[in-house]
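Chain by chain, the residues:
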Amino acid sequence: MDIAKMTAVELGRKIKTKEISVREAVEAVFDRIKSVEGEYNCYVTLCEEQALKKAEEIQKKIDDGTLTGPLAGVPVAIKDNMCTEGVLTTCSSKILYNFKPTFSSEAVLNLEKAGAIIIGKTNMDEFAMGSTTETSAYGVTRNPWNTEHVPGGSSGGSCAAVAAGEAFMALGSDTGGSIRQPSSFCGVTGIKPTYGTVSRYGLVAYASSLDQIGPVGKDVADCAALLEVIAGHDPKDSTSLDRKDLDFSKSIEEKKLLGMKFGVPKEFLAKGLDPEVKDAFMETLKVLTSQGAIVEFFSVETMEYMIPAYYIIASAEASSNLERFDGVKYGYRAAEYEGLHDMYKKTRTEGFGEEVKRRIMLGSFVLSSGYYDAYYLKALRTKALIKQEFDRAFDKYDVILAPAAPYTAPKIGESLKDPLAMYLGDIYTVAVNLCGLPGITVPCGQDKAGMPIGIQMIGNCFGEHKILRAAAAYE
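Read on for an overview of the structure. (Residues numbered from 1 in each chain as written. Predicted model: local features only at pLDDT ≥ 70, side-chain atom pairs only at ≥ 80, totals over all residues. Heavy atoms only, no water.)

**Some remarks on the overall build of the protein chain**
So, step 1. In terms of helices and strands, the protein chain carries 16 helices and 11 strands.
So, step 2. Taking 475 residues into account, the globule formula puts the C-alpha radius of gyration at 23 Å, and the protein chain, at 21 Å, falls close to it.
So, step 3. Counting all 475 residues of the protein chain, 61% fall into the buried class.
So, step 4. Summarising the internal contacts of the protein chain: among those between residues at least 6 apart in sequence, 74% fall at separations of at least 24. (Helix = DSSP H or I, 4+ residues; strand = E, 2+ residues; numbered from the N terminus. Rg over C-alpha atoms; globule rule 2.2 N^0.38 Å. Buried < 20%, exposed > 50% of the residue type's maximum accessible area, 1.4 Å probe, protein only. Contact = heavy atoms within 4.5 Å.)

**Section: the sheet that holds strand β6 (residues 212–217)**
So, step 1. Within the open sheet, the 11 strands sit side by side as β1-β3-β2-β4-β6-β5-β10-β11-β9-β7-β8. Their pairing is mixed. Every other strand in the sheet has two partners, leaving β1 (43–46) and β8 (294–298) as the edge strands with one partner each. Averaged over all neighbouring strand pairs, the angle between strand axes comes to 30°, with direction disregarded.
So, step 2. As defined by bridge partners, strand β7 (residues 261–265) adjoins β8 across 5 bridges and the pair is classed as parallel. Each bridged residue has a counterpart across the sheet, and for Phe 262 the counterpart in β8 is Val 295. (Pairing = 2+ DSSP bridges. Axes fitted to C-alpha atoms, helices over the stretch in contact; angles between N-to-C directions.)

**A few points about the nonpolar core**
So, step 1. By size, the foremost hydrophobic cluster in this structure holds 149 residues, and its most contacted members are Leu 111, Phe 127, Ile 230, Leu 401 and Met 457.
So, step 2. If one sorts the elements of this core by residue count, helix α10 (residues 303–321) sits on top with 11 residues.
So, step 3. If sequence neighbours within four positions are ignored, Leu 111 has contacts with Val 76, Ile 78, Ala 116, Ile 118, Leu 171, Leu 226, Val 229 and Ile 230.
So, step 4. Of all hydrophobic cores here, the second largest spans 5 residues; its members include Val 150, Phe 185, Ala 409 and Met 451. (Core = buried A, V, L, I, M, F, W, Y, C linked by side-chain atoms within 4.5 Å.)

**Comments concerning helix α13 (residues 372–396)**
So, step 1. A rise of 1.5 Å per residue sets the reference length of α13, with its 25 residues, at 36 Å; its end C-alpha atoms lie 36 Å apart and thus fit the reference within 8%.
So, step 2. The largest bend along α13 measures about 25° and falls at Lys 378.
So, step 3. Within the sequence span of α13, burial applies to Tyr 376, Ala 379, Thr 382, Lys 383, Ile 386, Glu 389, Phe 390, Ala 393 and Phe 394.
So, step 4. The secondary structure elements touched by the buried residues of α13 are β8, α10, α12 (354–367), β9 (399–403), α15 (430–434) and β11 (452–458). (Expected span 1.5 Å × (residues − 1). Bend = angle between axes of the 7 residues up to and from the residue.)

**Section: the packing of aromatic side chains**
So, step 1. Scanning the entire structure with this criterion turns up 15 aromatic pairs.
So, step 2. Centre to centre, the rings of Phe 325 and Tyr 330 are 6.2 Å apart; their planes meet at 65°, and the pair counts as edge-to-face.
So, step 3. Relative to Tyr 375, the ring of Phe 365 lies with its centre 5.7 Å away and its plane at 50°, an arrangement referred to as tilted. On the criterion of sequence distance, the pair formed by Phe 365 in helix α12 and Tyr 375 in helix α13 is long-range, its members being 10 residues apart.
So, step 4. In this structure Tyr 375 comes out as partly exposed when scored by relative accessible area, which is 35%.
So, step 5. Chaining the aromatic ring pairs together yields one cluster made of Phe 99, Phe 127, Phe 325, Tyr 330 and Phe 352.
So, step 6. Residue placement shows Arg 348 over the ring face of Tyr 344; its charged tip is 5.5 Å from the ring centre. (Phe/Tyr/Trp six-rings, centres within 6.5 Å; stacked < 30°, edge-to-face > 60°. Lys NZ or Arg CZ within 6 Å of the ring centre and 35° of its normal.)

**A short note on the pairing of strand β10 (residues 439–446)**
So, step 1. With 3 bridges connecting them, strand β5 (residues 189–192) and β10 associate as antiparallel partners. Looking at the pairing, Lys 192 lines up with Gly 439 of β10.
So, step 2. The hairpin turn running from β10 into β11, its antiparallel successor, is 5 residues long, and Gly 450 in that turn takes a positive phi close to 85°.

**Let's talk about the packing of α10 against α12**
So, step 1. Packing of α10 against α12 leaves a shortest axis separation of 7 Å and a crossing angle of 100°. By the angle between their axes, α10 is roughly perpendicular relative to α12. For the pair formed by α10 and α12, the contact residues are Tyr 311, Ile 312, Ser 315, Ala 316 and Ser 319 on the first element and Arg 359, Ile 360, Leu 362, Gly 363, Ser 364, Val 366 and Leu 367 on the second.
So, step 2. Grouping the amino acids of the contact of α10 with α12 by side-chain chemistry returns 7 nonpolar, 4 polar and 1 charged. (Parallel < 35°, antiparallel > 145°, perpendicular 65-115°, else oblique. Nonpolar A, V, L, I, M, F, W, Y, C, P; charged D, E, K, R; others polar.)

**A look at the pattern of salt bridges**
So, step 1. Under the definition given, this model contains 26 salt bridges.
So, step 2. Across the salt bridge formed by Glu 464 and Arg 243, the nearest N and O atoms sit 3.0 Å from each other. Here Arg 243 lies in the loop between α7 (220–230) and α8 (248–251) and Glu 464 lies in helix α16 (residues 464–474), a separation of 221 residues in the sequence. Both residues of the pair, Glu 464 and Arg 243, count as buried.
So, step 3. In this structure, Glu 355 engages Arg 359 in a salt bridge whose closest nitrogen and oxygen atoms are separated by 2.8 Å. Of the two residues, Glu 355 and Arg 359 are both situated in helix α12; the distance of 4 residues between them amounts to about one turn of the helix. For the pair Glu 355 and Arg 359, a shared accessibility class is recorded, and that class is buried. (Salt bridge = Lys/Arg side-chain N within 4 Å of Asp/Glu carboxyl O.)

**Focus on a nonpolar patch on the surface**
So, step 1. On the surface, a cluster of nonpolar side chains totalling about 340 Å² of accessible area is made up of Leu 362, Phe 365, Tyr 371 and Tyr 375.
So, step 2. A relative accessible area of 36% places Tyr 371 in the partly exposed class. (Patch = residues over 30% accessible without salt bridge, like charges linked within 9 Å, V, L, I, M, F, W, Y side chains within 5 Å. Areas by Shrake-Rupley, 256 points an atom, 1.4 Å probe, with all protein chains shown as cover.)

**Side note on the side chain of Asp 80**
So, step 1. With respect to the helices and strands, Asp 80 occurs in the loop between β2 (75–79) and α4 (106–113).
So, step 2. Classification of Asp 80 as buried rests on a relative accessible area of 0%.

Written out as structure tokens, the structure reads:
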């Protein structure tokens, strides 16, 4: 019985029936990490000692009936931009190389309440800025399907860890596709929930109006179970929603597509889409139709404005959010400087990577006097128009289908040569964040080189149940 190959829900079931102990599950995942981590570099920090200690506590609570949830005793990895009390939280940046928070993020606390065991913090693009997990200060994460390729980003460490069997499930964060795109590149399943469904308390902010924590799992059932655990109202987060429909696992029981209406934006299949990705996408449409779904094509006229609006808003919010990293209160501080302003300048110059500096500069520019109206306000108005267009589409369709990315995982080093081309790679994912919608990526094939291809299913606000049902039926 290879424990590392099990899904999280399957493992939870076997722990409950005492076929596997919690300690065995934790030991199995760390054995796997020790054998392959040197090759893939999925983690920044590992918590083996704490995890084994926690395993004994959780086992007692399962045995005495205190913990009865489906994920009790299951090891989970956490993206390194979520605060974990007493455990390094670096955002894969030199500027936070020694930061140990005094509290845990709400999503992590919810996992711990459910009896899941934190095994470590996963590698990511620095401050979640990137699409390849190459901008990390702790080295590149490699795609388990082919180590010459990137795993996607910014949640590349979480997705690669699940794909490589180094975690049964993981938490990622999604600002413009950072869960859905790497899930596609790594052949796993990932969900970006409706904005506000999962508390952002304790998530180190990149772009506050777009960031959302979500699950990464081996299949749809894992993601549904994990989302059920982390979702919920949190008074500490002013954007948190008080939802009552959080029984996500129930929605995957009805694996039927009969009568469901799927909309496909024609513009998403135009120029720039890799032919092999397009073929896999069209094949998926046939599968859905054969199961009784209705698939129709429609037009999205705001598509060309999605990337500019997203990068203006995200960079503006990033430049504001990252000003707190100044070398005064915590994290890295330059060794030599003359006066306070020189310390700020040198600390940030030495502490931040190239991509983070690029986005801070872009954000500061669009917020500056004389450019605020021309860029930032215009981007906000455009965001509202994009939302209106999606609202109209959801009047007709239950789910919108899109590729998760225009191509399969590129080779390491290719994307960073041309940052603009890397930004354009987010074309199919950013609208979901701009509109606060839920989206799920599920594997739908492979290219000729054997690299995974994912399809994205997008729902209306609070439409997780529909996309989970559709994804489970397709899976």
